[in-house]
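Residues per chain, in single letters:
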Amino acid sequence: MKTTIKTPTKPFCLITIPISNYCEKARWALNKLKFPYVEERHTPPFHLLATSRFGGKTTPILVTEAGTFIDSTEILKYLDSIVPSDAKLYPTNPKQCQEVEKLENLFNSQLGPATRCWGYFQVMNDYKIMQSRWCHDVPFLERALFPIVFPVTRSLAQRKLNINPESAVQAYDKIQIIFEQVNKLLADGRTYLVGDKFSAADLTFAALAAPAIQPSEHPMRNVSYQDLPPKLISGINEFRKTPAGDFVLRLYRDRNN
Ligand SMILES: N[C@@H](CCC(=O)N[C@@H](CS)C(=O)NCC(=O)O)C(=O)O
């Protein structure tokens, strides 16, 4: 959206479905760049009441004095535009910036939907896990209504996000393909995906890969690793063993520094 950029005087409001990997991407950027913000968490389908106030359908949405941003990349770009040059998530060097944008775009369009589909497929029929995933710190009424709305919301999500046994297999393969591309980039021993500084490419990769890696430092991790279904655990173990998976674990260990 078009906006007049100015220094914020009030904390931002980040509207989320807490477990969403795209919301984690925006949350990580806000934390990294040290912006004060309040997170307004919702469980589906109640997020729609919040997002529709701003003309959006999906989360994250960032509400600021300068405008409202309804997409994770728009949010990162806005934040980047108001931070000092040494804190930027997009390199000032145009060629490197292009590389960062290309990777971010690849992760947004392919990795995020794939980890989400594969991760959800393994737990969608486990009421307790879904409740802890979807109701983490949401308003009392949404949590109270969860048992009633869950069956319908689950089938809507399965249809909307195309979550079924076949798509879960395809999603697993897609994650492997993207991890392979990242393995190749990391093979020369580099610390970050582009240049010698942490960028939007690293942040986007780690946040969107998180459902396939389940780093213990993930702020919304509320189901312990051992309580996950065995098939999910064995997939996560495989992904963690790769250089790309190890990279995600490292970025999460450094997430709050
Ligand atoms: N392009 C969007 C995608 C965000 C997205 O897919 N958000 C999902 C959560 S992972 C969502 O809010 N889905 C709810 C819905 O579609 O109603 C972005 O990067 O912000």
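Residues numbered from 1 in each chain as written. Predicted model: local features only at pLDDT ≥ 70, side-chain atom pairs only at ≥ 80, totals over all residues. Heavy atoms only, no water.

Student: What's the story with the overall build of the protein chain in this structure? I'm lost.
Tutor: What the protein chain contains, in helices and strands, is 10 helices and 4 strands. Along the chain direction, N to C, the helices and strands of the protein chain fall in the order β-α-β-α-β-β-α-α-α-α-α-α-α-α. The C-alpha atoms of the protein chain give 18 Å as radius of gyration, which agrees with the globular expectation for 257 residues (18 Å, within 12%). Sorting the 257 residues of the protein chain into buried and exposed places 52% on the buried side. (Helix = DSSP H or I, 4+ residues; strand = E, 2+ residues; numbered from the N terminus. Rg over C-alpha atoms; globule rule 2.2 N^0.38 Å. Buried < 20%, exposed > 50% of the residue type's maximum accessible area, 1.4 Å probe, protein only.)

Student: Can you help me understand the domain arrangement of the protein chain in this one?
Tutor: Many authors give the size of an interface as the accessible area that is lost as the parts come together. Each assigned domain of the protein chain is listed here: domain 1 (12-87) and domain 2 (94-253). Inter-centroid distance (C-alpha atoms) of domain 1 to domain 2 is 18 Å. Contacts between domain 1 and domain 2 engage 22 residues on the former and 34 residues on the latter. Around 2500 Å² of area is buried between domain 1 and domain 2 when both sides are counted, 63% of it from carbon and sulfur atoms. Taken together, the connections running from domain 1 to domain 2 amount to 3 salt bridges. A salt bridge links Glu104 to Lys25, with the shortest nitrogen-to-oxygen separation between them at 2.9 Å. (Domains from an automatic or database assignment. Contact = heavy atoms within 4.5 Å. Buried area = accessible area lost by both parts, 1.4 Å probe. Salt bridge = Lys/Arg side-chain N within 4 Å of Asp/Glu carboxyl O.)

Student: What should I look at first to understand the packing of aromatic side chains in this one?
Tutor: The geometry of an aromatic ring pair is captured by the separation of the ring centres together with the interplanar angle, meaning the angle of the planes. On inspection of all chains with the given rule, the structure shows 18 aromatic pairs. Between Tyr127 and Phe150, the aromatic rings sit 5.5 Å apart at their centres with planes inclined by 75°, giving edge-to-face as the arrangement. Within this pair, whereas Tyr127 is found in helix H5 (residues 127-134), its partner Phe150 is found in helix H6 (residues 140-160), the two being separated by 23 residues in sequence. A relative accessible area of 3% means that Phe150 is categorised as buried. (Phe/Tyr/Trp six-rings, centres within 6.5 Å; stacked < 30°, edge-to-face > 60°.)

Student: Would you explain the nonpolar core in this entry?
Tutor: Looking at soluble globular proteins, one finds that nonpolar side chains tend to be buried together. Judged by nonpolar contacts, the single largest core of 78 residues is most densely connected at Leu79, Phe107, Leu193 and Phe205. Inspection of this core shows a minimum of three residues originating in each of domain 1 (12-87) and domain 2 (94-253). Aside from chain neighbours lying at most four places away, what touches Phe205 is Phe107, Leu111, Phe179, Val182, Leu193, Ala244, Phe247 and Val248. (Core = buried A, V, L, I, M, F, W, Y, C linked by side-chain atoms within 4.5 Å.)

Student: I'm lost on the pattern of salt bridges in this one. Help?
Tutor: Pairs can form between side chains of opposite charge once their charged atoms are near each other. Enumeration over the complete set of coordinates arrives at 10 salt bridges. Ionic pairing is found between Arg27 and Glu24, a salt bridge with its closest N-O pair at 2.8 Å. One end of the pair, Arg27, and the other, Glu24, are both in helix H1 (residues 21-32), 3 residues apart, so they sit about a helical turn from each other. Like Arg27, the residue Glu24 is buried in the burial classification. Residue Glu39 pairs with Arg41 through a salt bridge whose shortest N-O separation is 3.1 Å. The pair formed by Glu39 and Arg41 is uniform in burial state, with each residue classed as buried. Within the structure, one salt-bridge network assembled from shared partners comprises Glu24, Arg27, Glu39, Arg41, Asp137 and Arg255.

Student: Can you walk me through H5 in this structure?
Tutor: Along H5, the residues classified as buried are Ile129, Met130, Arg133 and Trp134. Buried residues of H5 fall within an arc of 115° about the axis and therefore sit on the same side. Against helix H4 (94-123) and H6 lie the buried residues of H5. The distance from a side-chain oxygen at the start of H5 to the backbone nitrogen of Lys128 is 3.2 Å, and the residue carrying that oxygen is Asp126. (Arc of directions from axis to C-beta. Polar contact = N/O pair within 3.5 Å; in protein donor to acceptor, adjacent residues only side chain to side chain.)

Student: Teacher, can you tell me more about unusual backbone geometry here?
Tutor: Glycine aside, negative phi is the norm for most residues, and most peptide bonds take the trans geometry. The omega torsion across Pro44 and Pro45 is 5°, close enough to zero to call that bond cis. Secondary-structure assignment places Pro45 in the loop between strand S2 (37-41) and helix H2 (47-52). The step from Thr59 to Pro60 runs through a cis peptide bond, and the omega angle for that step is 5°. Among the secondary structure elements, Pro60 is positioned in the loop between H2 and strand S3 (61-64). For Lys34, which is not glycine, the phi torsion reads 60° and is therefore positive.

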